[in-house]
Amino acid sequence: MRAFRQRSEKVPMAELRAVLEGLGHGDVQTYLQSGNAVFSSTRTDPAALARELEAAVEAHFGFRVACLVVDGAYLRAVAEACPFPAAELEGKQLHATFFSEQPGPERFAALDAAAFLPEEYRLGDRVLYLYAPHGLGRSKLAEALAKPAVAKGIDATTRNWNTVAKLVELTGP
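Rules behind the numbers
Residues numbered from 1 in each chain as written. Predicted model: local features only at pLDDT ≥ 70, side-chain atom pairs only at ≥ 80, totals over all residues. Heavy atoms only, no water. Pairing = 2+ DSSP bridges. Helix = DSSP H or I, 4+ residues; strand = E, 2+ residues; numbered from the N terminus. Axes fitted to C-alpha atoms, helices over the stretch in contact; angles between N-to-C directions. Contact = heavy atoms within 4.5 Å. Parallel < 35°, antiparallel > 145°, perpendicular 65-115°, else oblique. Left-handed = near helix turned anticlockwise from the far one by under 90°. Buried < 20%, exposed > 50% of the residue type's maximum accessible area, 1.4 Å probe, protein only.

Asks: Explanation requested: the sheet that holds strand E7 (residues 127-131) in the structure shown.
Replies: If you trace the 4 strands from one edge of the open sheet to the other, you get E6-E7-E5-E8, paired in antiparallel fashion. Edge positions in the sheet fall to strand E6 (120-123) and strand E8 (156-160), since each has one partner strand and no second. Neighbour-to-neighbour, the strand axes of the sheet open up by a mean angle of 20 degrees, direction not taken into account. Pairing between E6 and E7: 4 bridges, direction antiparallel. When the sheet's bridge partners are listed, Leu123 is paired in E7 with Leu128. Against the sheet, helix H3 (residues 72-80) makes contact with strand E5 (94-99) and E7, and its axis sits at roughly 40 degrees relative to E7, the strand it touches most. Together, E5, E7 and E8 form the strand contacts of helix H6 (residues 161-171), whose direction differs from that of E8 by roughly 95 degrees.

In C-alpha cells, the structure reads:
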C-alpha cells in the first residue's frame, strides 16, 4: 500500500513510520521528507486505510491532513499508462496528481489547454499527468488546474515523476 500526505506542516518521517507501525502495518518505509510512505497491510480498503491514517496523524501530530492510499499495482498502472515520454524527460518536467476520486471532464471544460502550450495535461484513472517543461514552480497550467473550479471537493496530491518512479520501485512487483 502507499500513502500520500498533503499539507505543509512538518511530519518527521521516522515518526510517520512509527505511527504506521503502531497501526499494525508492516514493511514500513518512507521516501525522503515527502510524506510518502510504503507499507504492507492485511486491510485492503484504501479509503478506510486513509481515514485511519488521517485520524492517527491528527492524534499524533496535532493537525489533520488529507491522506490518499493506493496500492502498488495502481502505481505501476499509472506509470505504465503515462501518455508522455517519461524516459525522455527530466523528473521535474513530468508530474502526476493523484485524486481521491475520478474528476469528471466537466471540471476541465472551461480550461483552454491550448493557451498553456507547451505545457500539457492528460487525465487517467484518478490521476492527472502534467507535462511542465520549465518545472512545476513556473507552471501556469498547474496554477489553473489547482483553482477551485477544477479541484474543489476532491483530495489531490502531486508528485514529480522521479518520486512516482521511486514509489513504483519501493512497492515492488
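Asks: Honestly, unusual backbone geometry in this entry has me stumped. Any pointers?
Replies: Only a minority of non-glycine residues have a phi that is not negative, and only a minority of peptide bonds are not trans. Residue Leu117 is joined to Pro118 through a cis peptide bond whose omega torsion reads 15 degrees. By the element assignment, Pro118 lies in the loop between E5 and E6. Not every positive phi belongs to a glycine, and Asp27 is a case in point at roughly 50 degrees. Its identity as a non-glycine residue notwithstanding, Leu32 has a phi of 50 degrees, on the positive side. Position of Leu32 relative to the elements: it lies in the loop between strand E2 (26-31) and strand E3 (36-40).

Asks: How should the packing of H3 against H6 be read in this particular structure?
Replies: Two numbers describe a pair of packed helices, the interaxial angle and the distance between the axes. Interaxial distance between H3 and H6 falls to 9 Å at its minimum, and their mutual angle equals 140 degrees. It follows that H3 is oblique to H6 by the angle criterion. When you trace H3 past H6, the crossing you get is left-handed. On H6, the residues that touch Gly72, Leu75, Arg76, Val78 and Ala79 of H3 are Trp161, Leu167, Val168 and Thr171.

Asks: Would you take a moment to explain the pairing of E8 for this structure?
Replies: Across a regular strand the side chains alternate sides, sitting on one face of the sheet and then on the other. Burial of E8 is one-sided: the residues Thr157 and Arg159 facing one way are buried, the residues Ala156, Thr158 and Asn160 facing the other way are not. Inspection of the sheet shows E5 paired to E8 by 5 bridges, in the antiparallel sense. Following the sheet pairing, Ala96 is matched in E8 by Arg159.

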